[in-house]
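Topology and contacts: notes
Chain residues, written in single-letter form:
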Amino acid sequence: MPMKIIITKDFDDMSATASEIVVDDIKQFQKTKQKKDNYILGLATGNTPTGLYKKLAKAANSNEFDPEAIVSFNLDEYIGLPGDTSSERVLHPESYAFFMVQELFGLLNKKFKKSYVPAGTEIDLNKLLAELDKYKNDSSVYEFIGSDAGKQILIKPNGPSDYLNYINKEILDAYMDKIKKFGGIDLHIVGVGGRGHLAFHECGIPLDREALLVKLDDNTVGNAVVDGHFKEEIFAPKYAISMGAKAIYRAKTVLLVANGKRKSESIAASLLGDVTDKVPISMGQEYAKNGGNMIYVIEKEAASGLLNKFDELKRKGFEVVNKL
Ligand code: GLP
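Residues numbered from 1 in each chain as written. Predicted model: local features only at pLDDT ≥ 70, side-chain atom pairs only at ≥ 80, totals over all residues. Heavy atoms only, no water.

1. Re the overall build of the chain
Note the following rule: For the purposes of this entry, the term helix denotes a DSSP run of H or I that reaches at least four residues, the term strand denotes a run of E that reaches at least two, and both are numbered from the N terminus. With C-alpha atoms as the basis for the radius of gyration, the globule rule is written as 2.2 Å multiplied by the number of residues raised to the power 0.38. Only protein chains enter the accessibility calculation, which uses a 1.4 Å probe. A residue is then buried if its area is under 20% of the maximum for its type, exposed if over 50%, and partly exposed in between. We get accessible surface area from the Shrake-Rupley algorithm with a probe of 1.4 Å; when it comes to residues, only the shown protein chains can shield them. Working convention for charge: Lys and Arg count positive, Asp and Glu count negative, and His plus the chain ends are omitted. A charge is said to be at NZ when it belongs to Lys, at CZ for Arg, at CG for Asp and at CD for Glu.
What the chain contains, in helices and strands, is 11 helices and 13 strands. The C-alpha atoms of the chain give 19 Å as radius of gyration, which agrees with the globular expectation for 324 residues (20 Å, within 12%). On the principal axes, the C-alpha backbone points of the chain span a range of 55 × 45 × 40 Å. Split into buried and exposed, the 324 residues of the chain put 53% on the buried side. Carbon together with sulfur atoms contributes 49% to the accessible area of the chain, which is approximately 14,400 Å² in total. Separation between the mean location of the 43 positive side-chain charges and that of the 45 negative ones in the chain comes to 5 Å.

2. Topic: the sheet that holds strand E10 (residues 239-243)
Keep this limit in mind: Strands are treated as partners if at least two bridges between them are detected by DSSP. Each axis is a line fitted through C-alpha atoms, and for a helix only the stretch in contact is used; angles between axes span 0 to 180 degrees, taken between their N-to-C directions. The contact definition used throughout considers only heavy atoms, calling two residues in contact when any of these lie within 4.5 Å.
Strand order in the open sheet made by the 5 strands is E4-E10-E9-E7-E6, with antiparallel pairing throughout. Strands at the two margins of the open sheet, each flanked by one partner only, are strand E4 (76-79) and strand E6 (142-145). Averaged over all pairs of adjacent strands, the angle between strand axes in this sheet comes to 30 degrees, irrespective of strand direction. Examined bridge by bridge, strand E7 (residues 151-155) and strand E9 (residues 211-215) share 2 bridges and lie antiparallel to one another. By the bridge assignment, Gln 152 is partnered in E9 with Val 214. Contacts from helix H5 (residues 125-134) reach E4, E6, E7, E9 and E10 within the one sheet, and its direction differs from that of E10 by about 95 degrees.

3. What to know about the layout of surface pockets
In plain terms, the rule: Cavity: a set of points on a 1 Å grid over the protein atoms alone where a 1.4 Å probe fits but cannot get out. Pocket: an open set with protein on both sides within 12 Å along at least five of seven lines, its lining residues, like those of a cavity, having an atom within 4 Å of a point. Grid points are joined across faces, edges and corners, and a volume is the space filled by probe spheres set on the points. Residue polarity follows a fixed list, in which Ala, Val, Leu, Ile, Met, Phe, Trp, Tyr, Cys and Pro are nonpolar, Asp, Glu, Lys and Arg are charged, and the others, Gly among them, are polar.
As a volume, the largest pocket reaches approximately 660 Å³. Residue lining of the largest pocket: 34 residues in total, with Thr 45, Gly 46, Asn 47, Tyr 96 and Asp 227 positioned closest to the centre. Classifying every residue of the lining of the largest pocket by side-chain character gives 13 nonpolar, 15 polar and 6 charged. Reported here for the second largest pocket is a volume of approximately 310 Å³. Together, 20 residues line the second largest pocket, and Ile 155, Asn 168, Leu 172, Asp 173 and Ala 211 are the ones closest to its centre. Looking at the lining of the second largest pocket, the elements with two or more residues in it are E7, helix H6 (162-181) and E9.

4. A short note on the packing of helix H1 (residues 11-32) against helix H2 (residues 50-61)
What counts, and what does not: An angle counts as roughly parallel when it lies under 35 degrees, as roughly antiparallel when it exceeds 145, as roughly perpendicular when it falls between 65 and 115, and as oblique in every other case. Each crossing gets its hand from how the near helix is turned against the far one by less than a right angle, where anticlockwise is left-handed and clockwise is right-handed.
At a minimum axis distance of 8 Å, the contact between H1 and H2 shows a crossing angle of 45 degrees. It follows that H1 is oblique to H2 by the angle criterion. Classified by chirality, the crossing of H2 by H1 is right-handed. Residues Phe 11, Asp 12, Ser 15, Ala 16, Ala 18, Ser 19, Val 22, Val 23 and Ile 26 of H1 touch H2, and the partners they reach there are Thr 50, Gly 51, Leu 52, Lys 55, Leu 56 and Ala 59. By residue class, the composition of the contact of H1 with H2 is 9 nonpolar, 4 polar and 2 charged.

5. Side note on the nonpolar core
The tendency in soluble globular proteins is for nonpolar side chains to be buried side by side. Heads up, the rule is: In this description, a nonpolar core means a group of buried Ala, Val, Leu, Ile, Met, Phe, Trp, Tyr and Cys residues linked to one another through side-chain atoms lying within 4.5 Å.
Among the nonpolar cores identified, the biggest contains 94 residues, and Leu 41, Tyr 53, Ile 189, Leu 256, Ile 267, Tyr 296 and Ile 298 are the most heavily contacted of them. The dominant element in this core, judged by the number of residues it contributes, is H6, at 8 residues. The contact partners of Tyr 296, leaving out residues within four places of it in the chain, are Met 3, Lys 4, Ile 5, Ile 6, Leu 256, Ile 267, Ser 270, Leu 271 and Ile 281. Counting 14 residues, the second-largest nonpolar core is a separate cluster that includes Tyr 78, Leu 212, Val 221 and Val 225.

6. Digging into the site of the ligand
The criterion, for reference: One heavy atom within 4 Å of a molecule or strand is enough for the residue carrying it to be called near that molecule or strand. The definition of a polar contact used here is a pair of N or O atoms within 3.5 Å, where within protein one atom must be able to donate a hydrogen and the other to accept one, and adjacent residues in sequence count solely through side-chain atom pairs.
Contacts to the ligand come from 14 residues, most closely from Asn 47, Thr 48, Asp 76, His 197 and Lys 263. Between the ligand and the protein, one listed contact pairs an oxygen atom with a backbone N or O atom of Asn 47 at 2.7 Å. In the model, a nitrogen atom of the ligand is placed 2.8 Å from a nitrogen or oxygen of the Asp 76 side chain. Surface burial for the ligand is 91%, taken as the share of its 390 Å² of free accessible area covered by protein chains.

7. Some details on the pattern of salt bridges
When the charged atoms of two side chains lie near each other, side chains of opposite charge can form a pair. Defined as follows: We define a salt bridge as a side-chain nitrogen of Lys or Arg found within 4 Å of a carboxyl oxygen belonging to Asp or Glu.
This structure, assessed with the given rule, holds 12 salt bridges. The partner of Glu 64 in a salt bridge is Lys 27, with the nearest N and O atoms 3.6 Å apart. Linking Glu 64 in the loop between H2 and strand E3 (70-74) with Lys 27 in helix H1, this pair joins segments that are 37 residues apart in sequence. A relative accessible area of 39% means that Glu 64 is categorised as partly exposed. Of the charged contacts, one joins Arg 195 and Asp 217 as a salt bridge, the two residues approaching to 2.4 Å between their closest N and O atoms. Of this pair, Arg 195 sits in the loop between strand E8 (187-190) and E9 while Asp 217 sits in the loop between E9 and helix H7 (218-226), and the two are 22 residues apart along the sequence. What makes Asp 217 buried here is its relative accessible area of 2%.

8. Considerations on the side chain of Glu 202
For Glu 202, the location among the structural elements is in the loop between E8 and E9. Put simply, Glu 202 is tucked away with no salt bridge, and the nearest opposite charge, on Arg 195, sits 6.5 Å away. Among the polar contacts listed, one links the side chain of Glu 202 to the side chain of Thr 220, at a separation of 2.7 Å. Not counting residues up to four positions away in its chain, the partners in contact with Glu 202 are Gly 150, His 197, Val 214, Leu 216, Asp 217, Thr 220 and Pro 280.

Here it is in structure tokens:
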């Protein structure tokens, strides 16, 4: 399917355009499918989709579609938010679970049938760090994978650490299994992180990854402070769990939303350059070539590296809609 790139005027236009795509897809699904079928919606956090979520909630509340036949899955969650227990951590205002309640779930009059956020808040950071330290010289237990600053912590199956095995099976594999049990994701909304990462699939982590335990890139931690989520870097989480690119690009549609100048370079590289793990969102090109429905809805600042490149984009077979 040709990749579609829609360049929008500003944040509102981006939010309205993206919301229309999501609402239309849900309506289409709910019109043709059996009553018992659920629409599986993939969700992202970050400032970018907040306008889209408000519009989506408005459409749900005015009965444009049935929210009670929707099951949602989020991309990622922090490990190491303050709090001694998982319930304290999940209620931390910067947890992604809390964000979802504030920005979308709490706005719905009728709730989604089910909503899942990866269980990063279940993980006790101190226990994790103790296990990583204990086996730090044993690559048969775990390994850091990735060529860049952020890394996947690849836990080897059935090793000697019960805690690492628990994370691998009960948290990472279990999340993937749940998505599979619901038949996979119909449409996944994704944002763009610093240097073109996707969810917490950091730059340099191989693209063929499903669920990830991640040590975050310094750039990601820095942006969380710059964006006002944490006062200083010492308070910002350094670890997370995330869906990996391979799992994300299995959805029937991937809808990428991006705004702001910070993202312009990686947006341009992801479309004009080759597919590379240096820019994880570049995997969208391969996904589209293999039949995936890849849609970019980007605001003009984020699109600034593309504005004089429309011919090149079209030569690559992309469909460009310029709303400027
Ligand atoms: C974090 C999240 C990503 C998100 C990114 C951008 O890295 N894990 O899923 O896309 O932030 O956030 P924002 O939309 O605030 O720019």
